[in-house]
Structures are given as C-alpha cells and as structure tokens.
Amino acid sequence: MLALFKSAPLLEQQEQQWLIDTFIWAVENFDAEFFTKHTQIILPTGQYFPDSVSSIEQMATSVFKRVTSYAGMSAWPIQLVAPQQLQPQVFPRFEFSSAIRGEGCQLIVPPSHAINISFNPNQINQPQDLVASFAGTLATIMIHHVGVLPPGGKEFLPQAADALACFLGFGVMMSNTVYQFKGGCGSCYNPYANREAQLSETHTVFMHALVCYFKKDTLSKKHLKPHLRSQFKKAQKEIKALVSESANPLLLAYAPN
C-alpha cells in the first residue's frame, strides 16, 4: 500500500543511467580539471552577458565570444561568419599541447583553415536560444575533435552534444529553450527562432541538475522557467540518492563533501 504514495521517478532508470554515463564520459574526455576548477553555471543575466550592442552582428559576435570563453574554448580555431557566408566545410585536423580547454589550451598543430560557424538572425530577440545554440555547436565541435563516441554510440551523438553543452555550464539556457511556448501573443511567437533541441525538457533538466550537484550550485534554479523548477528540485533529490548509492569511483571522487 505504501507504494501508492511514492512518486514516480523523474525518468526511467535506463534514461537516468544514460545521462549519468554521459556525464562520466564528459568528465573523462573533455578536461575534468577545467570542469572542476573553472566551469561556471552560466546564467541569463547581465553579470554574464554585460555587453552593449547596436546591431545583429554585434549581438551575435558578443554572445559568441562570451560563450566560447565560458566554455574554455577561446584558443580553438573557430570563427563566426555571417549566415550567407557559411559554406560546407571539411573538419580540419589540429592538435593541442595538453589541456583542451582554458589557459593551458595551446595549439601545436594549427589547422589548414578555421572552423566556421554562424548564427540564426531570428534568435537575436531570443538571446537564451542564441546562447544555447552556440553552446550546442561548440559541444558538437568538441566531440568531433576528441573523437570518442558517447554512451550508446554514434546514434546518440546529437543528444550527447546537448548533454555536453550542459556539462560546459549552459544547462539553464539549454533547459529553458527546449520548447518555446507560443504565449498569448501569436504575432510575438517566431518558430524560426527556436533552437533544435535533441533532449527533452526533463532529460535536459536532469543533466543540468547533475552538473549543478557536482558544482555545488545554489543559484540556477530561480533562472529556470517556472514549470521546470519542480523537475529540477526532484532531479536534485534523486541525484543525491543515486550518487550516494553509487560504487563508481569517478562519481564519488567528484561528489561534493
């Protein structure tokens, strides 16, 4: 009878495990030291995006530079180009000296050409979508360069890129932009501004909560959309129990005291 009063878990066990395994994959392959010492939970506030801009191009450039810096990827050979300038390209070969993120990240084998990425002009009035789109693109580039498939293999690469973007610190914006409500003003809704999410809201919130657990974050919850906050709170409770019961040495090593 007591089972009747127990709430269902936020996700199925297999889905939870994939996200946890993907977090471990991220720690093992995408610079654990940078994650531990430097990764921040980036919030959609003026503290993190203080730049004043006067054009679409300035807005895109400003946000791109901020996102790249917070991800620890300023040294990567990536350049932002206008949408009309983006052409099909071959991913270049390049190598870093040791660390792949942060101040210790230095190119020792420069690429034959930079990696060009662009932006969606429709997202200028939806800056969280712009941030999340850049974060997802950077995560995809990082996965391609490192060349280690995520749990589940190649078919899970799009979902892993969203999860890795959360690992880079952009879980708030990733969670808030999975689905955009039309709201009460149909003329204000622009479906072309929405990013193409690969994880559901619940999966993204769980991954964000997982990152927040290890980063000891206490601020990001209030920056989530109201309907996501209860999911985040539930995810936090479940993650704490999962980690405490885990025998995985990596999870235990990164768990907060």
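Residues numbered from 1 in each chain as written. Predicted model: local features only at pLDDT ≥ 70, side-chain atom pairs only at ≥ 80, totals over all residues. Heavy atoms only, no water.

(A) Quick peek at the side chain of asparagine 176. You can see asparagine 176 is positioned in helix α5 (residues 157–176). A polar contact of 3.0 Å, which involves the side chain of asparagine 176, links it to the backbone oxygen of histidine 223. (Helix = DSSP H or I, 4+ residues; strand = E, 2+ residues; numbered from the N terminus. Polar contact = N/O pair within 3.5 Å; in protein donor to acceptor, adjacent residues only side chain to side chain.)

(B) Local environment of helix α7 (residues 226–245). With 20 residues, α7 ought to run about 28 Å at 1.5 Å a step, and its terminal C-alpha atoms sit 30 Å apart, in line with that. When α7 is considered as a whole, its buried residues turn out to be Leu228, Gln231, Phe232, Ala235, Glu238, Ile239 and Val243. Within α7, the buried residues cover an arc of 140° as seen down the axis, which keeps them to one side. Residues of α7 that are exposed and point over 90 degrees away from its buried face: Pro226, Ser230, Lys233, Lys237, Lys240, Ser244 and Glu245. Those residues of α7 that are buried are in contact with α1 (13–29), α5, α6 (201–215) and α8 (249–254). (Expected span 1.5 Å × (residues − 1). Buried < 20%, exposed > 50% of the residue type's maximum accessible area, 1.4 Å probe, protein only. Arc of directions from axis to C-beta. Contact = heavy atoms within 4.5 Å.)

(C) Here's a closer look at unusual backbone geometry. Phi at aspartate 31 is positive, roughly 70°, even though this residue is not glycine. Here aspartate 31 is to be found in the loop between α1 and α2 (32–37).

(D) Quick peek at α5. Taking 1.5 Å of rise per residue, 20 residues should cover 28 Å, yet α5 covers just 21 Å from first to last C-alpha, more than 12% shy of that figure. At phenylalanine 170, α5 shows its strongest bend, of approximately 130°. Of all 20 residues in α5, 17 are buried; the element is thus mostly enclosed. (Bend = angle between axes of the 7 residues up to and from the residue.)

(E) How the structure looks around the packing of α1 against α6. One can describe the packing of α1 onto α6 by two numbers: an axis separation of 10 Å at closest approach and a directional angle of 45°. As summarised for this structure, α1 and α6 are arranged oblique, according to the angle between their axes. As α1 runs across α6, the sense of the crossing is right-handed. Residues Glu15, Gln16, Leu19, Ile20 and Phe23 of α1 form the contact with α6, whose own contacting residues are His203, Phe206, Met207, Leu210, Val211 and Phe214. (Axes fitted to C-alpha atoms, helices over the stretch in contact; angles between N-to-C directions. Parallel < 35°, antiparallel > 145°, perpendicular 65-115°, else oblique. Left-handed = near helix turned anticlockwise from the far one by under 90°.)

(F) Summary view of the environment of valine 53. Within the fold, valine 53 resides in the loop between α2 and α3 (56–70). Taking relative accessible area as the criterion, valine 53 reaches 35% and is therefore assigned partly exposed. Residues valine 53 and glutamine 87, spaced 34 residues apart in sequence, show a C-alpha to C-alpha distance of 27 Å. Apart from the residues lying within four places of it in its own chain, the contact partners of valine 53 are Gln58, Met59 and Ser62.

(G) Representation of the nonpolar core in the model. Grouped together as the largest cluster of nonpolar side chains are 77 residues, with contacts concentrated most on Phe23, Trp76 and Phe170. With 12 residues, α5 is the largest single contributor of residues to this core. The residues touching phenylalanine 170, leaving out its near neighbours within four places in the chain, are Ile42, Val67, Tyr70, Ala71, Val131, Ala135 and Ala165. (Core = buried A, V, L, I, M, F, W, Y, C linked by side-chain atoms within 4.5 Å.)

(H) Local environment of the pattern of salt bridges. All told, the structure shown has 4 salt bridges when counted by the stated rule. Ionic pairing is found between arginine 66 and aspartate 51, a salt bridge with its closest N-O pair at 2.9 Å. Of this pair, arginine 66 sits in helix α3 while aspartate 51 sits in the loop between α2 and α3, and the two are 15 residues apart along the sequence. (Salt bridge = Lys/Arg side-chain N within 4 Å of Asp/Glu carboxyl O.)

Function cannot be inferred from these measures alone, as they are strictly geometric.
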